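Spelled out, the chains give:
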Amino acid sequence: MFKVNDNYLKLPGSYLFSTIAKKVNTYKSEHPDKQVISLGIGDVTQPLAPAIIERLHSAVDEMADAKTFKGYAPDLGYEFLRTTIAENDYAARGVNIAADEIFVSDGAKSDSANIQEIFSLDNKIAVCDPVYPVYVDSNVMAGRTGTYDDTTGLWSDVIYMPCRAENGFAPEFPKENPDLIYLCFPNNPTGAMISKAQLQEWVDYANKIGAVIIYDAAYEAYISEADVPHTIYECEGARSCAIELRSFSKNAGFTGTRLGFTVIPKDLKSSDGVALHSLWARRHGTKFNGAPYIVQAAGAAVYSEEGKKQTAQQIAYYMNNAKIIKEALAEIGYTVSGGVNAPYIWLKTPNDMTSWEFFDYLLENANIVGTPGSGFGPSGEGYFRLTAFGSYENTLTAVERIKKL
Ligand SMILES: *Cc1c(COP(=O)(O)O)cnc(C)c1O
């Protein structure tokens, strides 16, 4: 009789967003007259920009012509896209990343989950707390995390780096040395950013202890401040210790279209000289058959002059929502952060409510859905995430309702 991978059985039963959906559906069915606004889920709402749609159409037409038809894409990505990324995201920032160090994929969620495969199960991971749940859960599935403690919500073999108001939502070096360090900036869920000098310290630390930083920069395009890094490779020495994950989802609205990439510099090697670049190339070749030509063509259009202008407008639209939410909440006395370099506003729950108490309070009294901070990790308790991905009109309505509470 077959046996299942029982690492999967160790995963805590209730998934954050399904718990939210259940609560919201129950509320809606009991109150059919109420108009519930979601400021909860991390998905874009603006349609794809015209320059991207145009390229999608023309790429579809190429597929209809025997002379331009494309079958399997190269599993590491089309040269035209890898070169465009290298030029725009790296060379243009004075950063040395070659096109063949860029691995095109169907998105950063799968890359962030899969990247742990190329590391030993003995490796110890360190994560920020609160954190994007994929990093820990994918390591649970692999069997790297030890046992789960129901009361603390912590895994025995994971190193947690609390990020709370006291440290400006920036992780501090852990007491125990990790092998793999997950960092995400601009951060989901806290909306926080760290300075280039702070990130440089992490790069120096990783090089010193022989760790790898897995740097998730999915929200890079939302950065508005100067002196914060758009890529970890702006830091000296990052080529020998950092992997970078990028996505077209939040930058250009590809959440339903699917495109991302991972950067692994050729200088990133284990102590016995094995290049992670070659392991990841092997993994792609074995388990991935390439992102669709049509989508990669559309991805390249994001970097066209029109594409850049149009996606920047969409991001400005979301960031205007972020500003509205943040300023309104601050005005009525909430402690709020984020919302400057990321589409997320992170607020301290009022009156010492737990994150879930505030969730229920907001749903029942303002008909607004947000995300309880504790769902992202124990240090998220007492915090709450609102997102700027709604429409301008809904954002205004939501803010008015919160003001009236
Ligand atoms: C949304 C998001 C991603 C992007 O995932 P895709 O699979 O590319 O859509 C990656 N990391 C974080 C932290 C995110 O919030």
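Note: the structure precedes this text.
Residues numbered from 1 in each chain as written. Predicted model: local features only at pLDDT ≥ 70, side-chain atom pairs only at ≥ 80, totals over all residues. Heavy atoms only, no water.

A. Summary view of the pattern of salt bridges. Applying the stated criterion to the full structure yields 17 salt bridges. Between Glu-306 and Lys-309 there is a salt bridge, with its nearest N and O atoms 3.3 Å apart. Highlighted residues: Glu-306 and Lys-309, both in helix α10 (residues 305-331), separated by 3 residues, approximately one helical turn. Overall, Lys-309 belongs to the partly exposed group, its relative accessible area being 47%. (Salt bridge = Lys/Arg side-chain N within 4 Å of Asp/Glu carboxyl O. Helix = DSSP H or I, 4+ residues; strand = E, 2+ residues; numbered from the N terminus. Buried < 20%, exposed > 50% of the residue type's maximum accessible area, 1.4 Å probe, protein only.)

B. The arrangement of the packing of aromatic side chains in detail. Under the counting rule described, the total for this entry stands at 26 aromatic pairs. Ring plane angle 80 degrees and centroid distance 5.7 Å describe the contact between Phe-169 and Tyr-383, whose orientation is recorded as edge-to-face. Placement of Phe-169 in the loop between β6 (158-162) and β7 (180-184) and of Tyr-383 in strand β15 (residues 383-387) is noted, with a sequence separation of 214 residues between them. Ring pairing ties together the aromatic residues Tyr-219, Tyr-222, Tyr-317, Tyr-318, Tyr-344 and Phe-389, which thus form one cluster. Sitting above the plane of the Tyr-293 ring, Lys-70 keeps its charged end 4.3 Å from the centroid. Lying over the aromatic face of Tyr-383, Lys-348 brings its terminal NZ or CZ to 5.0 Å of the ring centre. (Phe/Tyr/Trp six-rings, centres within 6.5 Å; stacked < 30°, edge-to-face > 60°. Lys NZ or Arg CZ within 6 Å of the ring centre and 35° of its normal.)

C. Quick look at the pairing of strand β12 (residues 344-348). The buried count for β12 comes to 4 of 5 residues, which makes it a mostly enclosed element. Relative to β12, strand β11 (residues 336-338) runs antiparallel, the two being bridged by 3 bridges. Opposite Gly-338, over in β12, you have Ile-345 as the bridge partner. What sits between the antiparallel neighbours β11 and β12 is a turn of 5 residues, in which Gly-339 has the positive phi angle 75 degrees. As paired elements, β12 and β15 share 5 bridges and run antiparallel to each other. Opposite Ile-345, over in β15, you have Leu-386 as the bridge partner. (Pairing = 2+ DSSP bridges.)

D. Spotlight on the sheet that holds strand β2 (residues 102-105). The sheet built from 7 strands is open, its strands ordered β2-β10-β9-β8-β7-β3-β6 with mixed pairing. One side of each edge strand has no neighbouring strand; the edge strands of this open sheet are β2 and β6. Pairs of neighbouring strands in the sheet enclose a mean axial angle of 20 degrees, with direction left out of account. Inspection of the sheet shows β7 paired to strand β8 (residues 212-216) by 5 bridges, in the parallel sense. (Axes fitted to C-alpha atoms, helices over the stretch in contact; angles between N-to-C directions.)

E. Local environment of the site of the ligand. Looking at the ligand, there are 14 residues lining it, with Tyr-219, Ser-247, Ser-249, Lys-250 and Arg-258 nearest. Separating an oxygen atom of the ligand from a side-chain N or O atom of Ser-249 is a distance of 2.6 Å. Between an oxygen atom of the ligand and a side-chain N or O atom of Lys-250, the distance comes to 3.4 Å. Isolated, the ligand exposes 380 Å² of accessible area, and the fraction of that covered by the protein chains is 94%. (Near = heavy atom within 4 Å. Polar contact = N/O pair within 3.5 Å; in protein donor to acceptor, adjacent residues only side chain to side chain. Areas by Shrake-Rupley, 256 points an atom, 1.4 Å probe, with all protein chains shown as cover.)

F. Inspection of the environment of Ile-20 at higher detail. Looking at the secondary structure, you find Ile-20 in helix α1 (residues 16-30). Among the residues examined, Ile-20 registers a relative accessible area of 4% and is labelled buried.

G. Local environment of the packing of helix α3 (residues 79-90) against helix α9 (residues 293-301). For the pair α3 and α9, interaxial distance at closest approach is 9 Å and the crossing angle is 25 degrees. Classified by the angle between their axes, α3 and α9 sit roughly parallel to one another. Our pair here, α3 against α9, has a crossing hand that is left-handed. Contacts between α3 and α9 pair Phe-80, Leu-81 and Thr-84 from the former with Tyr-293, Gln-296, Ala-297, Gly-299 and Ala-300 from the latter. Here the residues of the contact of α3 with α9 are counted per class, giving 5 nonpolar, 3 polar and no charged. (Parallel < 35°, antiparallel > 145°, perpendicular 65-115°, else oblique. Left-handed = near helix turned anticlockwise from the far one by under 90°. Contact = heavy atoms within 4.5 Å. Nonpolar A, V, L, I, M, F, W, Y, C, P; charged D, E, K, R; others polar.)

H. The arrangement of unusual backbone geometry in detail. Asp-129 connects to Pro-130 through a cis peptide bond whose omega is 10 degrees. Position of Pro-130 relative to the elements: it lies in the loop between β3 (125-129) and α5 (134-142). Located in the positive-phi region is Asn-351, a residue other than glycine, with phi close to 55 degrees. Along the chain, Asn-351 turns up in the loop between β12 and α11 (355-366). Using a relative accessible area of 70% as the deciding quantity, one classes Asn-351 as exposed. Located in the positive-phi region is Asn-367, a residue other than glycine, with phi close to 55 degrees. In this structure, Asn-367 sits in the loop between α11 and β13 (368-369).

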